[in-house]
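# A closer look at the structure
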Amino acid sequence: MFPKKPPMGFNTWNTFGENISDAMIRETADAMVEKGLLKAGYEYLVIDDCWSEKKRDPVTDRIVPDRVKFPEGMRVVSDYVHGKGLKFGMYSCAGVRTCANYPGSFDHEFLDAETFAAYGADFLKYDYCYKPDYADGTLLYRRICTALDNCGRDILLSACNWGADNVHDWIRSTGAGMYRSTGDISDSFVSFRDIFLSQLDNVKFSGPGCFNDIDMLTVGMRNRGNVASTGCSDLEYRTEFALWCMFGAPLMLGCDVRTIDDTTLKLVTNPYLLRINQDEACRPMFAAHKEWDGQRYVFARVLTNHEIALAFTNLSDNDGTLWFPFDAIGLPVSAKKGLQLTDAFTGEDAGVEKEYMRIPVKAHDCAVFIAKVVNL
Ligand code: GLA
């Protein structure tokens, strides 16, 4: 499958871990529709690890859904999810066991692809634990992509090898539609900051067909659930979401959408930030300005419609002022033009600036604008 824009959806892992069930998936599907998340673009509902029995069926060799968590099997769950207008995602692993020690797909790729197709899956997250040392990771992702391409269903492969083996160099050639480039996120500012910064040099490898996945969002988790850590403030969550949007990363929600709070819902359905993330040109973001500490940046991203997104980002622990000259985005003083700004968080008109901008940004916060070049 060749996604043209960063995929959007929800994944069970961050909040639920192994505590998944038929009822929980159905309730999540209901919530994604009722709260307007599907309408905003969050279309995939992905079941992560821990969905199966610990052993394959001895007769058919197929993976079997957990009989307690999914007593009626997966097809009924998938039918329910599809009935809501959503797409259905499953999880497996390139190794012999999944990361949480359930059966993996190693040497069962074609059989499992057929099983996932029979479930009605539209998406498969494919992890990297328990890979035999002698098996080449590149080859294993080629195998599963070939298997999916020949299973009779369009299934997006979401590779998850955490950035190992210089994955950005070869993953696009396998047919994967997105690829995890980092280790696991946890619900803390330090975690999302380090993950984001680690991929600044790799943003150029991300684009239509194969997107760099910097992990499921922790926005709105409020330190509850499987990847709880220190938790984040509202200000930190909005920075996380804005950076994922600027980066053009897949947006997979990780909070419990059944109980999502109003602040989080408003943030993740913000039309300006989503416009930046889903811009059809998928041009890479770049650092238009970087402070000496490597923690304060002005990121820019050229959008379609002659617009440019700007994110004044303060990832340091001190409040500060961020500055950048418009020349850094190709607008020299000699052009005698200015930037008309819209505040992406509020949608408010933020006026016209010329030559440069200098604004205060609190520690861990960011200010995001959508700008248009105008005559002065
Ligand atoms: C790995 C992945 C996570 C999650 C778990 C499940 O750690 O990186 O995103 O899928 O496995 O066990």
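Residues numbered from 1 in each chain as written. Predicted model: local features only at pLDDT ≥ 70, side-chain atom pairs only at ≥ 80, totals over all residues. Heavy atoms only, no water.

### Thoughts on the pairing of strand E1 (residues 8–11)
Heads up, the condition is: Under the scheme applied here, a residue whose accessible area is under 20% of the maximum for its type counts as buried, over 50% as exposed, and between as partly exposed, the area being computed with a 1.4 Å probe on protein chains only. Where helices and strands are cited, they refer to DSSP runs of H or I of at least four residues and of E of at least two residues respectively, numbered from the N terminus. DSSP calls a pair of strands paired once it identifies at least 2 bridges connecting them.
The side-chain alternation of E1 yields two buried faces, one formed by Met 8 and Phe 10 and the other by Gly 9 and Asn 11. Where E1 meets strand E10 (residues 251–253), three bridges bridge the pair, whose relative direction is parallel. Its bridge partner being in E10, Gly 9 is matched across the sheet by Met 252. Across three bridges, E1 lies against strand E2 (residues 44–46) in parallel orientation.

### A short note on the pattern of salt bridges
In plain terms, the rule: Should a side-chain nitrogen of Lys or Arg be within 4 Å of a carboxyl oxygen of Asp or Glu, the pair is scored as a salt bridge.
Scanning the model with the defined rule gives 21 salt bridges in all. Residue Asp 22 is joined to Arg 26 by a salt bridge in which the shortest nitrogen-to-oxygen separation is 2.5 Å. With Asp 22 and Arg 26 both in helix H2 (residues 22–34) and four residues apart, this pair spans about one turn of that helix. Note that Arg 193 is salt-bridged to Asp 194, the shortest N-O span being 2.9 Å. Beyond isolated ion pairs, a larger network of salt bridges with shared partners links Glu 27, Asp 256 and Arg 258.

### Comments concerning the side chain of Lys 69
Here is the rule we go by: Charged-residue counts in this description rest on Lys and Arg as positive and Asp and Glu as negative, His and the chain ends being excluded. Here, two residues are considered to be in contact whenever any of their heavy atoms come within 4.5 Å of each other.
Secondary-structure assignment places Lys 69 in the loop between E2 and helix H4 (75–83). In this structure, Lys 69 is buried with no salt-bridge partner, the nearest side chain bearing the opposite charge being Asp 66 at 4.2 Å. If near-sequence neighbours (up to four positions away) are discounted, Lys 69 is found in contact with Glu 18, Ile 20, Ser 21, Asp 22, Cys 50 and Tyr 102.

### Brief notes about helix H5 (residues 109–119)
All of the buried residues in H5 are Glu 109, Asp 112, Ala 113, Thr 115, Phe 116, Ala 117 and Tyr 119. Buried residues belonging to H5 abut H4, strand E3 (87–93), strand E4 (123–127) and helix H6 (137–149). Following H5 by one or two positions, Gly 120 adopts a phi angle in the positive range, close to 85 degrees.

### Quick word on the site of the ligand
Just so we agree on the cut-off: The nearness test applies per residue and asks whether one of its heavy atoms lies within 4 Å of the molecule or strand. Whenever a nitrogen or oxygen atom comes within 3.5 Å of another N or O atom, the pair is scored as a polar contact, on the condition that within protein one atom can donate a hydrogen and the other can accept it, and that pairs from neighbouring residues in sequence are kept only if both atoms are in side chains. Here the nonpolar group is Ala, Val, Leu, Ile, Met, Phe, Trp, Tyr, Cys and Pro; Asp, Glu, Lys and Arg are the charged ones; every other residue, Gly included, is treated as polar.
In the neighbourhood of the ligand, 13 residues make up the surrounding shell, with Asp 48, Asp 49, Lys 125, Asp 127 and Asp 184 lying closest. At a separation of 2.7 Å, an oxygen atom of the ligand approaches a polar side-chain atom of Asp 49. Within the shell around the ligand, the residues separate by chemical class into seven nonpolar, no polar and six charged.

### Here we look at the sheet that holds strand E16 (residues 349–354)
Selection criterion: Fitted lines through C-alpha atoms give the axes, limited to the stretch in contact for helices. The angle between two N-to-C directions lies from 0 to 180 degrees.
Taken in spatial order, the six strands make up an open sheet running E11-E12-E13-E18-E15-E16, and their pairing is antiparallel. Each edge of the sheet is formed by a strand with only one pairing partner; in this case those strands are strand E11 (286–290) and E16. Across the sheet, the mean angle from the axis of one strand to that of its neighbour is 30 degrees, orientation sign disregarded. Sheet topology places strand E13 (residues 307–314) next to strand E18 (residues 366–375); seven bridges connect them, and they run antiparallel. Note that in E18 the partner of Glu 307 across the bridge is Lys 372.

### Notes on the packing of aromatic side chains
Rules: Two rings from Phe, Tyr or Trp (for Trp, the six-membered ring) form a pair when their centres are within 6.5 Å of each other. A pair whose planes differ by under 30 degrees is stacked, one over 60 is edge-to-face, and the rest are tilted. Any Lys NZ or Arg CZ found within 6 Å of a ring centre and within 35 degrees of that ring's normal is scored as a charge over the ring.
Here the structure, examined in full by the defined rule, presents 18 aromatic pairs. Taken together, a centroid distance of 5.0 Å and an interplanar angle of 50 degrees make the contact between Tyr 44 and Phe 123 tilted. Here Tyr 44 is found in strand E2, whereas its partner Phe 123 is found in strand E4, with 79 residues between them in sequence. As far as the burial class goes, Tyr 44 and Phe 123 line up, both buried. Between Phe 312 and Phe 324, the aromatic rings sit 5.8 Å apart at their centres with planes inclined by 65 degrees, giving edge-to-face as the arrangement. Of this pair, Phe 312 sits in strand E13 while Phe 324 is found in strand E14 (residues 320–325), placing the two residues 12 residues apart along the sequence. This pair shows no difference in class: Phe 312 is buried, exactly as Phe 324 is. Aromatic rings pair up to connect Tyr 126, Tyr 128, Tyr 141, Trp 162 and Trp 170 into one cluster. One Lys or Arg, Lys 54, reaches over the ring of Tyr 102 and ends 4.5 Å from the middle of that ring. The aromatic ring of Phe 345 is capped on one face by Arg 238, whose charged end is 4.1 Å from the ring centroid.

### Examining the sheet that holds strand E6 (residues 178–180)
The strand order across the open sheet formed by eight strands is E8-E6-E5-E4-E3-E2-E1-E10, and the pairing between neighbours is parallel. The open sheet terminates on both sides in strands that have one partner only, identified here as strand E8 (211–213) and E10. Neighbour-to-neighbour, the strand axes of this sheet turn through a mean angle of 25 degrees, independent of strand direction. Its contacts with the sheet place H4 against E2 and E3, and it is angled at close to 140 degrees to E3. Along the sheet, H5 contacts E3 and E4; its crossing angle with E3, the most-contacted strand, is approximately 160 degrees.

### Concerning the packing of H2 against H4
The description of two helices packed together rests on the angle between their axes and the distance between the axes. Selection rule: When an angle is under 35 degrees it counts as roughly parallel; over 145 it counts as roughly antiparallel; between 65 and 115 it counts as roughly perpendicular; any other value is oblique.
Taken N-terminus to C-terminus, the directions of H2 and H4 make an angle of 10 degrees; their axes are 9 Å apart at the nearest point. On the basis of the axis angle, H2 is roughly parallel to H4. Between H2 and H4, the residues in contact are Asp 22, Ile 25, Arg 26, Ala 29 and Asp 30 and Val 76, Val 77, Tyr 80 and Val 81, respectively. Split into classes, the residues belonging to the contact of H2 with H4 amount to six nonpolar, no polar and three charged.

### So, the layout of surface pockets
Worth spelling out the cut-off: Cavities and pockets were defined on a 1 Å grid built over protein atoms only: a cavity is a set of grid points that admits a 1.4 Å probe from which the probe cannot escape, a pocket is an open set flanked by protein on both sides within 12 Å along at least five of seven lines, and lining residues are those with an atom within 4 Å of any such point. Grid points are joined across faces, edges and corners, and a volume is the space filled by probe spheres set on the points.
Volume-wise, the largest pocket comes out at about 300 Å³. In terms of lining, the largest pocket is formed by 15 residues, of which the most central are Thr 263, Lys 266, Leu 267, Asn 270 and Phe 345. The set of elements that each furnish at least two residues to the lining of the largest pocket consists of helix H9 (234–247), helix H10 (262–268) and helix H11 (271–277). Broken down by element, the residue count for the lining of the largest pocket peaks at four residues, all from H10. Of the residues that constitute the lining of the largest pocket, the class distribution is five nonpolar, six polar and four charged.

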